[in-house]
Amino acid sequence: MPSITRRRLLGGAVVLGGGAYGTYRLSRGPADATLSTWTPAPGTWPLRRYDPANTAHNPNASPPRERPSRRELVSVESAARYPSRPPLIGPDHVVVYGSGLTAYPRDGGAAVRTVAAATPRAGFGPDGRLHTVSLESGNATDPVAVVGYGADDLRETSRIPIDTDHPRGLVVGEREMYLGTESGDLYGVDVDGGRHWRVDGTMPALVDGRLYAAGAPLDGTVAYGERTGLDRRLEPGPARRWSAGPISGFVNAPAVADGRIVQGTYAEGGGVVAAIDASTGDSLWDPRPLGRTVSTPAVVGDRGYTAVGTDDGGAGLVVALDLETGETVWRDAVEWRAIAPAVAGDTLVVAGEVRADGERVGWAVRAYDRHTGDRLWTHSEETGDPGGPGGPALVGDRVVIASGTSVSELA
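Quick look at the structure, then.

Here is what the cut-offs are and how they apply
- Residues numbered from 1 in each chain as written.
- Predicted model: local features only at pLDDT ≥ 70, side-chain atom pairs only at ≥ 80, totals over all residues.
- Heavy atoms only, no water.
- Pairing = 2+ DSSP bridges.
- Helix = DSSP H or I, 4+ residues; strand = E, 2+ residues; numbered from the N terminus.
- 1 Å grid on protein atoms, 1.4 Å probe; cavity = no way out; pocket = protein on both sides within 12 Å on 5 of 7 lines; lining within 4 Å.
- Points joined across faces, edges and corners; volume = space filled by probe spheres on them.
- Buried < 20%, exposed > 50% of the residue type's maximum accessible area, 1.4 Å probe, protein only.
- Contact = heavy atoms within 4.5 Å.
- Axes fitted to C-alpha atoms, helices over the stretch in contact; angles between N-to-C directions.

Let's talk about the sheet that holds strand E5 (residues 93–97)
Taking strand neighbours across the sheet as the criterion, the four strands line up as E4-E5-E6-E7 in an open arrangement whose pairing is antiparallel. With one partner strand each, in any of the chains shown, strand E4 (88–89) and strand E7 (113–115) form the two edges of the open sheet. Sheet topology note: the strand E6 (residues 101–105)/E7 ladder contains three bridges and is antiparallel. Note that in E7 the partner of Ala103 across the bridge is Arg113.

Dropping the structure here:
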C-alpha cells in the first residue's frame, strides 16, 4: 500500500507539461474556479452529508433522545422508488432520489416534481435551487447531464451535458457544483453559465476557499485553491496545492473540519479510516483498519463517528474515534449492517440494513449518546421493499430517513 505520508507540494506557478499526467484540462471556455462555500440554513439537510464539507454534523438539530414514534412522511412515487441516498431537506421541499427523483412540499402534499431519469447525485444550493446529475436510461455508463431547477417550483432551468460517465461524488458550492467521477476526473461547473473545468479527483469537499478531492488516480487526496494574478487568466480551474498519496481501498467522500481531512474506505481485504492535515497533506496518524466497509466519519470537534460493515455483510460496528490520535473512544457491535452516521448536539444517529441469509429484509436506526456510547433507542422495521435505507437526515427534532418506497420521520 502506498504511504499516505508521501506528498508533493505544488506552487500555484507550477504548470505541468502538455503531455504530463494531472495537466489542467479545459472542457468549455475559460472558467475561473470560485471555490466559494456556504453554511446550510437551520431546518435543512441540503446535501448528502449536510454541508459542502461533508461533516454529517448539523449544529442546529436536536434528534430525539427518548424512543421516538414513526410516521410516514411521503410514499415515494414510482419514478424515484428505492432511493439510495438520504432525503434532501431544502427550505421548501423534500427530495428523494436514486433510480429517479421526486420532490414534495415541506409541509406535505402531492409531488411537485417527478423525474423518471436515474438521478444518482443531487443537492440543494444556498439559494434553495436544486442541482442534480441525470442519467437518461439509468446506466452508469450513460452520458451525464447536470440539471438545475428553480427554487420556487423546481422547474427545470438549465441542462448542461458533461462528457463523462460513472458519477461518484457531488458537492454544491455557492456558485459552482463539483462532480467527481469513477474515472478520476473532477468537474467544476458554473451553475449559471455552464462553463466548466476539469482536474483530478473522485469525491470532493469544499471548505474555506479550498477544494479537496479524494480518489485522484495515482495521487490519492488532492487540495486545490483559487488561482490569482496573471495565472488566473491563463489557466482554467484551480491550482493544485498538494497531493497526499492514496490510501488502502475505495474512498468515500472526505469530511473536512478543524484542519483535518477524514475519510473512510471499503475493500475486500478490509477498509480503513484515515486523517490528513488539511494545510499540508501530511498524515496525522496511521490508517485504522476497522472492517470491510468503513464510512467516512461524521465529524464534530475532535471526535469522528463511523459506521462499519463486517465481512459477512450482516453485522457491523459503530465506532467513535479521537481524531487527534486515531484511537477508539468507544465502540458498539450491532446486529445489522451499519451504513451511515450523522450527528447533532450530543446525539449520534446511525442507519443500517437488516439482513437475513444474505438478503436485505429491513432497516434500522439507532441513536447514541455521542460522548459515552450509551444506546438511547433503536427503531427497526422489516419491509418487503428491496431498496435499502439511505443515511439519516437530522432536521429540527426529527430523524428523516428514506427506505424502499417511503420516507419516514422519527420524532
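Still more to cover.
Side note on the layout of surface pockets
Quantified by volume, the second largest pocket comes out at close to 410 Å³. Around the second largest pocket, the lining is made up of 24 residues, and of these Asp51, Ala53, Thr55, Val207 and Val256 lie nearest the centre. Residue assignment for the lining of the second largest pocket shows that the elements contributing at least two residues are strand E16 (203–207), strand E21 (255–257) and strand E24 (298–300).

What to know about the side chain of Thr34
In this fold, Thr34 is placed in the loop between strand E2 (25–28) and strand E3 (70–75). A relative accessible area of 9% places Thr34 in the buried class. Setting aside residues up to four positions removed in sequence, Thr34 forms contacts with Arg175, Glu176, Tyr178 and Glu226.

Comments concerning the sheet that holds strand E34 (residues 406–410)
A sheet is described by the order of its strands in space; here four strands give the open sequence E3-E34-E33-E32, paired in antiparallel fashion. One side of each edge strand has no neighbouring strand; the edge strands of this open sheet are E3 and strand E32 (393–395). Between one strand axis and the next, the sheet turns through 25 degrees on average, direction left out of account.

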